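Breakdown of the fold
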Amino acid sequence: MDNHTTPALEIRGLRRTYGTGESAYEAVRGVDLTVERGTLLALLGTNGAGKTSTMEVVEGLAAASGGSVRVFGLDPVADRAEARRRTGVVLQVSGFSGDLTVAETLEMEAATVTDPRPVSEVVALVDLEHRVDTKVLSLSGGERRRLDLACALLGKPELLMLDEPTTGLDPESRRRVWELVRNLRDEGAAVLLTTHYLDEAEELADQIAIMHAGRIVREGTLAEVVGQQPSTVRYTTPDGETTTLETEDLQTTLTEVLTWAAEHGVRLSGLDARHASLESTFLAIAGTPRSDDTPATDASTDDLEGAVR
Amino acid sequence: MTTMTFSSTSPALRRTTGLTKANGRLMLRNRLNLAYGFVLPLLPLAFLLVGDRGDVGSAGMALVSVIVMAALFPVYYNVLSMTVTRRDELVLKRIRTGETRDLELLTSLALPGVAVAMIVGLGAIPLALALGAPVPVNPVMFVLTVLVSALVFAVLAFWTAAWTKNAEAAQITSMPVILLAVVGQVAISFPEEVRRWIDLTPGAAITDLVRSSWLGLDGPSTDPSLSFGETWAAAGQPLLVLAAWAALAAWLAARSMRWEPRS
């Protein structure tokens, strides 16, 4: 089943519905994603876009309503033992007992992993050597997140699933996590990462997928994703009117605007010409109403689960 | 060297042991909980000081109370609060993304409490004898009673955890099971028709098992009449009652267990 060309993760037509009948809500509506070995895919999306709902299926915590997930060609349910051995997960919120020390937490974790890395090695990987005898309760948010990563790395995972791994971290901690993730990717691990930070995606991702209203609406390299979005030219004429032009060909449009201004002797204030950025692309997508038969909600998946249970 | 030992044991056993060790550590770190687990169940042995040495009535009351409390405090209450707390801490959710199976995770939550109950049950034997209780008729059956009671109440704890919102709510949600556990002891004074139903509670089954195994008492009788051999036969029905409760609780828990905090 698994030869070296099999993708680390392959999601096809994934659907996930909460509730049944009238109150049923489809949070994931036919998602296709592929993460190749040695690459990092950043999954972006607004709150309630269905990222976490998708992640939970991939992590094996929830069942899909439709479609398929393959981890190195394996079915995460039927081939659970083998699939789990090769994956590492960092959930959106850390889950630790505050009264255990860092070392005790990792010892416990190591006992649950086939062929674990030595605890000392993993502690060094995430820069927590000086904190091994500290209770988790006393760790800072950043240290706790690095302990999460340490737990996920104990099993030498070939596929890492990181759900917002740097949320709440200070800039320095974020950089350290980035460096660690980049190194793991360079050593051949595949990484599926969700994030709210667009700079994180720009910094780390080989592939970017933007999810909106349960579907993947853009996918590709940073250049490809941004390239599908028009460039903009904006200026204000002396009568105080601001104009924004969208164009596929920034140079030509800008030349036309400047030529027109020169010919008519108009002074343009606040002149701004730019290619689309990941941010403008993302915001344009986030601003699109859901093409949906049920009314749009901002509810996160957690709220939704609560509502239907 | 450690790796050698690890690879030679079964992965399921290694996972369960590792998790049990952590849960045991956490239990030992909660001093108050620990004192409740060890000391409280042994207090009823003081009843033995009230009656005459060898008095069957006070011995019965004392020993049944010890075992019921051992099933309730170190096992039921402890396993319930550990399960709910680990769930609130999102530890259960995180562990479930790994190789660990649900049954291993639950076993690791139950074992520390079951171990304390066993220590209490075994410790009660010399203590009770020293305080003047008669020599047990069937000590093997008595120890088995402690073990089975502990296991049944661990499963009841998982079922309760399934519909307990958080650790605070456990004070209320534990009431039905506590009632099921203690009603058996007061039943002796109830009319026959009521008692027949109460006999079907886990508390009554434990009462019967303790009284027959240690004191050789047959049902509500106060006259020690059962021989060693007869105590085995007398254990049949109450053991069946306990097994039925365990099966029911396990079925309900499996259907409704929640691994994440309720939102």
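Residues numbered from 1 in each chain as written. Chains lettered and ligands numbered in written order. Predicted model: local features only at pLDDT ≥ 70, side-chain atom pairs only at ≥ 80, totals over all residues. Heavy atoms only, no water.

1. Let's talk about the pairing of strand 8 (residues 207-212) of chain A
Residues and elements named next belong to chain A. Our working rule: Each residue is placed in one exposure class: buried if its accessible area under a 1.4 Å probe, protein chains only, is under 20% of its type's maximum, exposed if it is over 50%, and partly exposed if it falls in between. Helix and strand labels come from DSSP, where a helix needs a run of H or I of at least four residues and a strand needs a run of E of at least two; each type is numbered from the N terminus. By definition, two strands form a pair when at least two bridges between them are found by DSSP.
For strand 8, the buried fraction is high: five of the six residues fall into the buried class. Relative to strand 8, strand 3 (residues 40-45) runs parallel, the two sharing five bridges. Following the sheet pairing, Leu41 is matched in strand 8 by Gln207. The sheet contact formed by strand 8 and strand 9 (residues 215-220) spans five bridges and is antiparallel. Along strand 9, the bridge assignment pairs Met211 with Ile216. Following strand 8, the chain reverses through two residues before pairing antiparallel with strand 9; Ala213 in that reversal takes a positive phi of roughly 50°.

2. Quick word on the sheet that holds strand 9 of chain A
All names here are of chain A. To keep it simple, the criterion reads: Convention adopted: a line fitted to C-alpha atoms gives each axis, helices being fitted over their contacting stretch, and angles between N-to-C directions are expressed from 0 to 180 degrees. For this analysis, residues touch if any pair of their heavy atoms sits within 4.5 Å.
Read from one edge of the open sheet, six strands run 5-6-7-3-8-9, paired in mixed fashion. Taken across any chain shown, the strands that pair with only one partner, and hence form the sheet edges, are strand 5 (87-90) and strand 9. With strand direction ignored, the average angle separating the axes of adjacent strands in the sheet is 15°. Note that strand 6 (residues 159-163) and strand 7 (residues 190-194) share five bridges and pair parallel. Its bridge partner lying in strand 7, Leu162 is registered against Leu193. In the packing of helix 10 (residues 278-286) onto the sheet, the strands contacted are strand 3, strand 8 and strand 9, and the crossing angle to strand 8 comes to about 25°.

3. With respect to the confidence of the model for chain A
All names here are of chain A. Under the convention used in this document: Per-residue confidence from the predictor is reported as pLDDT, which spans 0 to 100.
Summarising the model, chain A shows a mean pLDDT of 88, and 92% of its residues fall at 70 or more. Put simply, helix 11 (residues 301-308) is where chain A has its lowest mean pLDDT, 38, and helix 3 (residues 102-111) is where it has its highest, 97. pLDDT under 50 marks residues 292-309. Its contacts with residues more than four places away, or in other chains, come to 20 contacts.

4. Here's the deal with unusual backbone geometry
All names here are of chain A. Unusually for a residue other than glycine, Phe72 sits at a positive phi of about 50°. Note that Phe72 resides in the loop between strand 4 (66-71) and helix 2 (80-85). Phi angles above zero are rare outside glycine, and Ala213 is one such case at about 50°. In this fold, Ala213 is placed in the loop between strand 8 and strand 9. With a relative accessible area of 6%, Ala213 lands in the buried category.

5. Topic: helix 10 (residues 175-186) of chain B
All names here are of chain B. The condition is simple: Residue count minus one, scaled by 1.5 Å, sets the expected span of a helix. Note that the arc is computed from the directions linking the helix axis to the C-beta atoms.
Given a rise of 1.5 Å per residue, twelve residues ought to cover 16 Å, and the 16 Å separating the end C-alpha atoms of helix 10 matches this to within 8%. Listing the buried residues of helix 10 in full gives Val177, Leu180, Ala181, Val183 and Gly184. Projected down its long axis, helix 10 carries its buried residues within an arc of 160°, all on one side. At its buried positions, helix 10 is contacted by helix 5 (56-88), helix 8 (139-162), helix 11 (192-198), helix 12 (202-215) and helix 13 (228-256).

6. What about the pattern of salt bridges?
Residues and elements named next belong to chain A. To keep it simple, the criterion reads: The salt bridge definition used is simple: a Lys or Arg side-chain nitrogen within 4 Å of an Asp or Glu carboxyl oxygen.
Under the criterion given, the structure shown has 30 salt bridges over all chains. Between Arg85 and Glu82 there is a salt bridge, with its nearest N and O atoms 3.4 Å apart. Within this pair, Arg85 and its partner Glu82 are both found in helix 2, separated by three residues, close to a single helical turn. Among the residues examined, Glu82 registers a relative accessible area of 31% and is labelled partly exposed. Among the salt bridges present, the one from Glu143 reaches Arg131, with a minimum N-O distance of 3.0 Å.

7. Description of the interface of chain A and chain B
To be explicit about the condition: Buried area is a sum: the accessible area each of two parts loses on coming together, probed at 1.4 Å, counted once for each and added. Here a polar contact is recorded for every N or O atom pair within 3.5 Å, except that within protein the pair must consist of a potential hydrogen donor and a potential acceptor, and residues adjacent in sequence are included only if both atoms are side-chain atoms.
Tallying the contact residues gives 35 residues for chain A and 25 residues for chain B. Across the interface of chain A and chain B, roughly 2,600 Å² is buried in total on both sides, 49% from carbon and sulfur atoms. Area buried by chain A at its contact with chain B is led by Arg80, Met108 and Thr112 of chain A, which between them contribute 21% of it. Applying the counting criterion to the chain A and chain B interface returns five salt bridges. The partner of Arg94 of chain B in a salt bridge is Glu109 of chain A, with the nearest N and O atoms 2.6 Å apart. Where chain A touches chain B, the interface holds 14 residue pairs in polar contact (both at pLDDT 80 or more).

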